[in-house]
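# Topology and contacts: notes
The primary structure of each chain is shown beneath.
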Amino acid sequence: MNLSREHANKWRNADITFHPIGVIHSEHTEHDNTPIQGIFNPSVGYVEVFEENADGLKDIESFSHIYVLYYFDRATAKNLIQKPFLDGEKERGIFAIRHFNRPNPIGLSIMELLGVDGNILKVGGVDVLDGTPVIDIKPYVKQFDYREEVKSGWVDSKHMDDIAEWNCTPKELRNRDRTTK
Ligand SMILES: C[S@@+](CC[C@H](N)C(=O)[O-])C[C@H]1O[C@@H](n2cnc3c(N)ncnc32)[C@H](O)[C@@H]1O
């Protein structure tokens, strides 16, 4: 494929600056005790949208789920190869896993929207440390976002379909190979 170099040359090594639109309040203060994905250990928290951005929440209450994008402000490295949680000792490419130590430390969580009170969103399924800055919020739209036939790479070989029923703490779920239960 003969791709033009123009766009790549323009953006390689460029700086992109975002300003947080809000902050997440959660019960999680330590990595080890924070869910590795919100679906495994449901916990409730709050997304405080700064008042100057609150107009952007108009109509959000009619959605049951939202995407919350945030900055992993307590990431400790920018790795291209990393061991994912749930896969024991096996190293994977960072773009094939969800670990927080990534070149651009951006997190993405689907959260259940439990309520809206002015500029405060009550949310479920929080896998985020308390005080994490929020970059963006988007509605989860079944008609846009749901796919019936999917492959989930290395995750497909893990026993995770019923993981939410195992009642494991986040700590117990971390760094374990799930090839067998
Ligand atoms: C595996 S990541 C998954 C996050 C998100 N669902 C995703 O896929 O991008 C979840 C872990 O990120 C870590 N984490 C949460 N908030 C963080 C923050 N503000 N800075 C650094 N790490 C954070 C916690 O250790 C948590 O268990």
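Above this text sits the structure in question.
Predicted model only: the values in this text are computed from it and were never measured.

Here is what the cut-offs are and how they apply
Residues numbered from 1 in each chain as written. Predicted model: local features only at pLDDT ≥ 70, side-chain atom pairs only at ≥ 80, totals over all residues. Heavy atoms only, no water. Near = heavy atom within 4 Å. Polar contact = N/O pair within 3.5 Å; in protein donor to acceptor, adjacent residues only side chain to side chain. Helix = DSSP H or I, 4+ residues; strand = E, 2+ residues; numbered from the N terminus. Nonpolar A, V, L, I, M, F, W, Y, C, P; charged D, E, K, R; others polar. Buried < 20%, exposed > 50% of the residue type's maximum accessible area, 1.4 Å probe, protein only. Contact = heavy atoms within 4.5 Å. Core = buried A, V, L, I, M, F, W, Y, C linked by side-chain atoms within 4.5 Å. Pairing = 2+ DSSP bridges.

The immediate surroundings of the ligand are formed by 22 residues, with His31, Asp73, Arg98, Asp127 and Thr132 found nearest. For the ligand, a nitrogen atom lies 2.7 Å from a polar atom in the side chain of aspartate 73. The separation between an oxygen atom of the ligand and a polar side-chain atom of arginine 98 is 2.8 Å. Elements represented by at least two residues in the shell around the ligand include exactly β3 (65-71) and β6 (106-117). A per-element tally of the shell around the ligand places β6 first, with three residues. Across the shell around the ligand, the residue classes tally to eleven nonpolar, six polar and five charged.

Take isoleucine 16: it is sitting in the loop between α1 (6-11) and β1 (22-25). We classify isoleucine 16 as exposed; its relative accessible area is 59%. The sequence separation of isoleucine 16 and serine 26 amounts to ten residues, and the corresponding C-alpha distance is 27 Å.

Moving on, we come to the side chain of serine 26. Mapped onto the elements of the fold, serine 26 is located in the loop between β1 and β2 (44-49). For serine 26, the side chain forms a polar contact with the main-chain nitrogen of histidine 28, separated by 3.1 Å. In contact with serine 26, other than residues within four places in its own chain, are Val126, Val128, Leu129 and Asp130.

Mapped onto the secondary structure, serine 43 falls in the loop between β1 and β2. Under the relative-accessibility criterion, serine 43 is labelled buried at 7%. Non-local contacts of serine 43, meaning those with residues more than four positions away in its chain, are made with Glu27, His28, Val123, Gly124, Gly125 and Val126.

Ile24, Val47, Ile66, Leu121 and Ile137 are the most contacted members of the largest nonpolar core, which has 27 residues in total. Looking at this core, the elements with two or more residues in it are β2, β3, β6, β7 (120-124) and β8 (132-139). Here this core takes three residues from β3, the largest share from any one element. In this structure, isoleucine 66 is in contact with Ile60, Ser109, Ile110, Met111, Leu113, Leu121, Val123, Ile137, Lys138, Pro139 and Tyr140, ignoring residues within four places of it in sequence.

Across five bridges, β2 lies against β7 in antiparallel orientation. Within the sheet, the bridge partner assigned to valine 47 lies in β7 and is leucine 121. Taken together, the five bridges between β6 and β7 define a ladder with antiparallel strand orientation. Each residue of the ladder has a partner; that of valine 116, found in β7, is leucine 121. With antiparallel pairing between neighbouring strands as the criterion, β6 and β7 make up a hairpin whose turn holds two residues, including glycine 118 at a positive phi of roughly 60°.

On to the environment of tyrosine 146, then. Looking at the element boundaries, tyrosine 146 is found in the loop between α2 (142-145) and α3 (170-173). Sequence separation between tyrosine 146 and histidine 65 is 81 residues, and the spatial gap between their C-alpha atoms is 12 Å.

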